[in-house]
Amino acid sequence: MKRPGVAVWSLVAVAAMWGSAFVLMKPAIEQQPFFDFLAIRFTIAALIMLAIKPKMVSALTGRMLAVGASLGVLLGLGYVTQTIALEITTAAITGFLTGTYVVLTPVIGWLFFRHRIGGKVTIGAALALIGLGLISITGVSIEVGQIWGIACAVFFALHIVGLGRFSSGFDSYALTFVQLCAVAVVCWIGALPDGYQGPPTWDVWMAVLVTAVFATVIGFFVQTWAQARLEPSRVAIILTLEVVFTAVISVGVGQEVLALTTAIGGALMIAAMVIVEFPSRRRRARIAGTPGADGDGYDLVPLEPFPH
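If you look the protein up in an unreviewed UniProt entry, it shows as DMT family transporter from Cryobacterium tagatosivorans. The annotation that UniProt attaches to the protein under Sequence similarities (unreviewed entry) is "Belongs to the EamA transporter family." Recorded in UniProt for the protein, the comment headed Subcellular location (unreviewed entry) runs: "Cell membrane".

Chemist: Looking at this structure, how should I read helix α8 (residues 172–191)?
Modeler: For an α-helix, the turn length of 3.6 residues means that residues three or four places apart are oriented alike. Taking 1.5 Å of rise per residue, 20 residues should cover 28 Å, and α8 covers 28 Å from first to last C-alpha, within 8% of that figure. Buried residues dominate α8, accounting for 15 of its 20 residues. Structurally, the start of α8 carries an N-cap: the backbone nitrogen of Tyr 173 is 2.9 Å from a side-chain oxygen of Asp 171.

Chemist: In this structure, what is going on with the packing of helix α5 (residues 101–113) against helix α10 (residues 232–239)? I would like to understand it.
Modeler: In a packed pair of helices, the relevant descriptors are the angle between the two axes and the axis-to-axis distance. In the contact formed by α5 and α10, the axes pass within 8 Å of each other and the chain directions differ by 175 degrees. When the axes of α5 and α10 are compared, the pair comes out roughly antiparallel. Here Tyr 101, Val 102, Thr 105 and Pro 106 of α5 come into contact with α10, specifically with Pro 232, Ser 233, Ala 236, Ile 237 and Leu 239.

Chemist: Help me understand a nonpolar patch on the surface, please; the structure alone is not making it clear to me.
Modeler: Taken together, the side chains of Leu 24, Trp 202, Trp 205, Met 206, Leu 209, Val 210, Phe 214 and Ile 218 define a hydrophobic patch exposed on the protein surface, amounting to about 690 Å² of accessible area. Of the residues forming the nonpolar patch, the biggest block, seven residues, is contributed by helix α9 (residues 202–226). Residue placement: Met 206 occurs in helix α9. Relative accessible area serves as the criterion here: at 35%, Met 206 is assigned to the partly exposed category.

Chemist: What is the right way to look at the environment of Ala 236 in this model?
Modeler: Position of Ala 236 among the secondary structure elements: in helix α10. With a relative accessible area of 0%, Ala 236 lands in the buried category. Once you skip the residues sitting within four places of it in the chain, Ala 236 turns out to touch Tyr 101, Val 102, Thr 105 and Ile 160.

Chemist: What am I meant to see in the packing of aromatic side chains here?
Modeler: Scanning all chains against the criterion turns up eight aromatic pairs. Ring centres of Trp 18 and Phe 220 lie 5.2 Å apart, and the angle between their planes is 45 degrees; on these two criteria the pair is classed as tilted. One end of the pair, Trp 18, is in helix α1 (residues 4–28); the other, Phe 220, is in helix α9, with 202 residues separating them in the sequence. Accessibility expressed as a relative area gives 13% for Trp 18, which makes it buried. A relative accessible area of 5% means that Phe 220 is categorised as buried.

Chemist: What exactly am I supposed to notice about the confidence of the model for the protein here?
Modeler: In this model, the protein carries an average pLDDT of 79, and 79% of its residues clear a pLDDT of 70 or more. Mean pLDDT across the elements of the protein bottoms out in helix α4 (residues 91–99) (66) and peaks in α8 (96). When the criterion is pLDDT under 50, residues 280–308 qualifies, and its contacts beyond four places in sequence or with other chains add up to 79 contacts.

Chemist: Any chance you could explain the packing of α5 against helix α7 (residues 147–166) here in plain terms?
Modeler: Running from amino to carboxyl end, α5 crosses α7 at an angle of 55 degrees, the nearest separation of the two axes being 8 Å. Considering the angle they form, α5 stands oblique to α7. Crossing hand, α5 versus α7: right-handed. Where α5 approaches α7, its residues Tyr 101, Leu 104, Thr 105, Ile 108, Gly 109, Phe 112 and Phe 113 are matched on the opposing element by Ala 153, Val 154, Phe 156, Ala 157, Leu 158, Ile 160, Val 161, Arg 165 and Phe 166. Looking at side-chain class alone, the contact of α5 with α7 contains 13 nonpolar, two polar and one charged residues.

Chemist: What should I look at first to understand the nonpolar core in this one?
Modeler: Nonpolar side chains tend to gather and get buried jointly when the protein is soluble and globular. Core analysis: the biggest nonpolar cluster contains 69 residues, and Phe 42, Tyr 101 and Leu 239 have the highest contact counts within it. With near-sequence residues (within four places) excluded, Tyr 101 lies in contact with Ala 153, Phe 156, Ala 157, Ile 160, Ala 236, Leu 239 and Thr 240. With six residues, the next largest nonpolar core counts Leu 127, Ala 128, Ile 237 and Ala 272 among its residues.

Chemist: Teacher, can you tell me more about the side chain of Arg 229 here?
Modeler: For Arg 229, the location among the structural elements is in the loop between α9 and α10. Taking the relative accessible area as the measure of exposure, Arg 229 reaches 2% and is therefore buried. At 2.7 Å, the side chain of Arg 229 and the backbone oxygen of Trp 225 are in polar contact.

Parameters and conventions
Residues numbered from 1 in each chain as written. Predicted model: local features only at pLDDT ≥ 70, side-chain atom pairs only at ≥ 80, totals over all residues. Heavy atoms only, no water. UniProt positions renumbered as here; feature names shortened; annotations may be inferred. Helix = DSSP H or I, 4+ residues; strand = E, 2+ residues; numbered from the N terminus. Expected span 1.5 Å × (residues − 1). Buried < 20%, exposed > 50% of the residue type's maximum accessible area, 1.4 Å probe, protein only. Polar contact = N/O pair within 3.5 Å; in protein donor to acceptor, adjacent residues only side chain to side chain. Axes fitted to C-alpha atoms, helices over the stretch in contact; angles between N-to-C directions. Parallel < 35°, antiparallel > 145°, perpendicular 65-115°, else oblique. Contact = heavy atoms within 4.5 Å. Patch = residues over 30% accessible without salt bridge, like charges linked within 9 Å, V, L, I, M, F, W, Y side chains within 5 Å. Areas by Shrake-Rupley, 256 points an atom, 1.4 Å probe, with all protein chains shown as cover. Salt bridge = Lys/Arg side-chain N within 4 Å of Asp/Glu carboxyl O. Phe/Tyr/Trp six-rings, centres within 6.5 Å; stacked < 30°, edge-to-face > 60°. pLDDT = per-residue confidence, 0-100. Left-handed = near helix turned anticlockwise from the far one by under 90°. Nonpolar A, V, L, I, M, F, W, Y, C, P; charged D, E, K, R; others polar. Core = buried A, V, L, I, M, F, W, Y, C linked by side-chain atoms within 4.5 Å.

Here it is as structure tokens:
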């Protein structure tokens, strides 16, 4: 578990789970309000984590609660602003604006923590952004409401940077639990004003449970674990593969039709990950955390596994 490659491929698996979840959620949120779906999803996910490992409560400290709650609020606000953007503008434009976190993550890392933006990360982020645009944008739309999509990208980028900065040294399971609780609170604040509506059918309940277990409990736990070992900018690029998996699965189940731009965009996003990650695998024997050892920012950090 010390090798950075394990964390990289774990995040690829997370992107695949999130891509699958998006396809699964699409018909579900047509039957249940988006806020209500997220509120019950994150609540169930937090309860599952508590039921599996109740003793992890003893690992909760004041500092962990503060860090986890802050990160969870950022993540929750990301979902809230994304929902508002979806209501105001198109799903394609919202998807593209959300994905701009791949560029915002290294910028925010530099602004707050002076993480130098390396050349390979810059090239990878640019390729990923172009690929994301080819997959997501099918038309041109200029709307004031698109500011919410940009706000969503900012919140997700802040979460990635913050998780990379502050997750080290904490029990990853307990920190994930605190984050999910905070996201649930944010989502309930959005769900309760007009009255909570539960899942109306068994199919929606299945979507809630599957996304709660795989996309939420497993997905965010792996992200929290992996980000103690990977530099945030690289994490952002890897996680944009969610869009590729969403497109592939959507085509596979008949929700979408494969277009040439989708194939080219997916290839560019995969190329972005290859450009960023292959050099880091050759550097794994170097001393971890050395800024600018190869002129491309921070090396990956092979830390000891968290206690479970």
